[in-house]
Amino acid sequence: MEGRCIVRYKCSQPGPIQDVLRQRPGWIEVKDDSEWDFHWCGVGWLKENLYMEEHVRVNHFRNHYELTRKDFMLKNLKRFKKNLEREASCTEGSKCDFFPCTFALPNEYHLFVEEFKRNPGSTWIMKPAAKSQGAGIFLFKKLKDIMEWRKHDGTRSEEQKDAAQVESYVAQRYIENPYLLGGRKFDLRVYVMVTSAWLYREGFARLSSTRFSLSSIDDKYVHLTNVAVQKTAPDYDPEKGCKWKIQKLRRFLTAKHGRQVVETLFKEMDNIFISSLQSVQKIIINDKHCFELYGYDIMLDENLKPWLIEVNASPSLAPSSQEDYDMKYSLLEDTVNIVDMEGRLTGKEKRVGGYDLVWNDGPVYSEDVDPEIFGCSSLKANTYLGCANDREHQLNTLLKNVPGQKRI
């Protein structure tokens, strides 16, 4: 894309993204219906705006929901796994064994009941397919606990069902043996940007405020790690928060379980990111105007197996502390760096700030060699999640030969 000296932008969201765009040299905010070059918009904006000028960029794909709606993600992952098993082998299909047993309701209700009865006493979790931040989620162990939901769904007219389509649910086998930190459950928030697939080095673990127990399945402060939920807990401390940086978690796990075990864990997480994106590669509308910043939610069980819980198209950018603000500011600044409205990059970069390119029509390796000559097994994947993020030094080195660039 040809670089622009002046970039006109629109931004409908508050917080760090506003600060990033306002402080970017040569970027000018425009309002209302003025012409623009870059738009950080909400997910609903694209539904009402079909035509875009050649050079503009927006921060969502038109049908991102194929990955970010829980029921659609389930559909696409199941299909992708079946295709791998049919076209390759069951071994290849096993690479997709990273999402818990899940059913889309009401469509798969009878299949769900069969599975439920095969595993009496198991804990399940119900989630609205299109909501976030823990809204509408509950745990259950008995079918009668969801019969009221089922009965309500069955008494709606066809017109009402169409209107309430977004209120479809997924029923998912609850991970009853999560890995715990200080007796508390947690999940990981990891950021993946898609033009190609870029993995950000930083992220965080979100901890519950109450010690884990299956004897209290109605206590949302035990089982839901969403910050939006945890910050309403009676004993929530805003100074301490409920987050660990992912670098801290990686060091902790390495000290406790050894380097090899943790490298295997992070390699399995890389597989989750790549395989989930491949599952929608042929479905997502590949519009050159669009990019996406996904927030992946990953949970670890006590055996250090990672599980994909969901993918968010609008991961929360609201900071919960100064440290959280600094991380999200850097994340968003590097996201805009990759979009490269100014035309400063060559297109051959494998790292931009805190982002590492992990997939570009095939796996990306750290070494600058031909994998067909050296063999993939001897090469290191270009992935550094939870490793040091010397982004300022890297950006200064990357951009030092670009005329007129201010040092970071």
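**Notes on the overall build of the protein**
Along the backbone of the protein there are 15 helices and 16 strands. Counting only residues that meet the buried cut, the protein has 50% of its 408 residues in that class. For the protein, long-range pairs separated by at least 24 residues make up 65% of all intrachain contacts whose partners lie at least 6 apart in sequence. Of the accessible surface of the protein, which amounts to about 20500 Å², a share of 50% is contributed by carbon and sulfur atoms.

**Some thoughts on the confidence of the model for the protein**
Residues with a pLDDT of 70 or more make up 88% of the protein, whose mean pLDDT is 87. Predicted confidence in the protein is weakest over helix α8 (residues 158–163), with a mean pLDDT of 48, and strongest over helix α11 (residues 246–257), with 98. Residue range residues 160–166 is modelled with pLDDT below 50. Its contacts to residues more than four positions away, or to other chains, number six contacts.

**Here we look at the nonpolar core**
Within the largest apolar cluster, 53 residues are counted, with the highest numbers of intra-cluster contacts made by Phe186, Leu188, Phe273, Tyr296, Leu300 and Leu308. Looking at this core, the element that brings in the most residues is helix α12 (residues 259–279), giving eight residues. With residues near it in sequence (within four places) discarded, Leu188 still touches Phe204, Ala205, Leu249, Met269, Tyr296, Asp297, Ile298 and Leu300. Within the second largest apolar cluster, 30 residues are counted, among which are Val7, Trp27, Tyr355 and Leu395.

**Things to note about the pairing of strand β11 (residues 197–207)**
Within β11, eleven of the eleven residues are buried, leaving the element largely enclosed by the surrounding structure. In this sheet, β11 lies alongside strand β10 (residues 184–194) in antiparallel orientation, the contact comprising eight bridges. By the bridge assignment for β11, Val192 is matched with Leu199. Linkage of β10 to β11, two consecutive antiparallel strands, is achieved through a turn of two residues. Across four bridges, the pairing between β11 and strand β16 (residues 355–359) is antiparallel. Paired with Trp198 across the two strands is Leu357, which belongs to β16. Sheet topology note: the β11/strand β12 (residues 243–245) ladder contains three bridges and is antiparallel. Considered in β12, the bridge of Arg206 is made with Lys243.

**Regarding the packing of aromatic side chains**
A complete count under the given rule lists 22 aromatic pairs for this structure. Aromatic pair Tyr109 and Phe112: ring centres 6.3 Å apart, planes at 55°, arrangement tilted. With Tyr109 and Phe112 both in helix α6 (residues 109–118) and three residues apart, this pair spans about one turn of that helix. A single burial state applies to Tyr109 and to Phe112, both of which are buried.

**Let's talk about the sheet that holds strand β4 (residues 57–58)**
Backbone hydrogen bonds hold the strands of a sheet together, and the pairing may be parallel or antiparallel. Ordered in space as β2-β1-β3-β4, the four strands form an open sheet in which the pairing is parallel. Unpaired on one side and paired on the other, β2 (27–29) and β4 mark the two borders of the sheet. Packed onto the sheet, helix α13 (residues 322–339) meets β2, β3 (38–40) and β4 and runs at close to 145° relative to β3.

**So, the sheet that holds strand β8 (residues 169–173)**
Strand order in the open sheet made by the four strands is β5-β8-β6-β7, with antiparallel pairing throughout. The open sheet terminates on both sides in strands that have one partner only, identified here as β5 (102–105) and β7 (138–140). If you compare each strand with its neighbour and ignore which way they point, the axes differ by 25° on average. Pairing analysis gives three bridges linking strand β6 (residues 124–128) to β7, with the strands arranged antiparallel. In the sheet register, Trp124 faces β7, and the bridge partner there is Phe140.

**Here's the deal with the pattern of salt bridges**
Tallied over the full model, the rule gives 26 salt bridges. One salt bridge connects Arg8 with Glu35, and the closest N-O pair in it is separated by 3.5 Å. Of this pair, Arg8 sits in strand β1 (residues 7–11) while Glu35 sits in the loop between β2 and β3; the two residues are 27 residues apart in sequence, bridging distant segments of the chain. When its relative accessible area of 61% is taken as the criterion, Glu35 is described as exposed. Put simply, Asp145 and Lys144 hold a salt bridge, and the shortest N to O gap is 3.6 Å. On the basis of relative accessibility, which here comes to 35%, the residue Asp145 falls in the partly exposed class. Here the salt bridges do not stand alone but share partners, grouping Asp187, Arg189, Arg206 and Asp297 into one network.

**Some remarks on the environment of Ile274**
Tracing the sequence through the fold places Ile274 in helix α12. Judged by relative accessible area, Ile274 falls into the buried class, the value being 14%. For Ile274 and Val358, which are 84 residues apart along the polypeptide, the C-alpha to C-alpha distance reads 8.2 Å. Those residues in contact with Ile274 that lie beyond four places of it in its chain are Ala197, Val358 and Trp359.

**Considerations on unusual backbone geometry**
Cis geometry marks the peptide bond from Leu105 to Pro106; its omega dihedral reads 10°. In this fold, Pro106 is placed in the loop between β5 and α6. For Leu304, which is not glycine, the phi dihedral falls at a positive 60°. Tracing the backbone shows Leu304 in the loop between β13 (292–300) and β14 (306–312). Phi is positive for Asp340, which is not a glycine, with a value near 60°. Given a relative accessible area of 9%, Asp340 falls into the buried group.

The rules behind each value
Residues numbered from 1 in each chain as written. Predicted model: local features only at pLDDT ≥ 70, side-chain atom pairs only at ≥ 80, totals over all residues. Heavy atoms only, no water. Helix = DSSP H or I, 4+ residues; strand = E, 2+ residues; numbered from the N terminus. Buried < 20%, exposed > 50% of the residue type's maximum accessible area, 1.4 Å probe, protein only. Contact = heavy atoms within 4.5 Å. Areas by Shrake-Rupley, 256 points an atom, 1.4 Å probe, with all protein chains shown as cover. pLDDT = per-residue confidence, 0-100. Core = buried A, V, L, I, M, F, W, Y, C linked by side-chain atoms within 4.5 Å. Pairing = 2+ DSSP bridges. Phe/Tyr/Trp six-rings, centres within 6.5 Å; stacked < 30°, edge-to-face > 60°. Axes fitted to C-alpha atoms, helices over the stretch in contact; angles between N-to-C directions. Salt bridge = Lys/Arg side-chain N within 4 Å of Asp/Glu carboxyl O.

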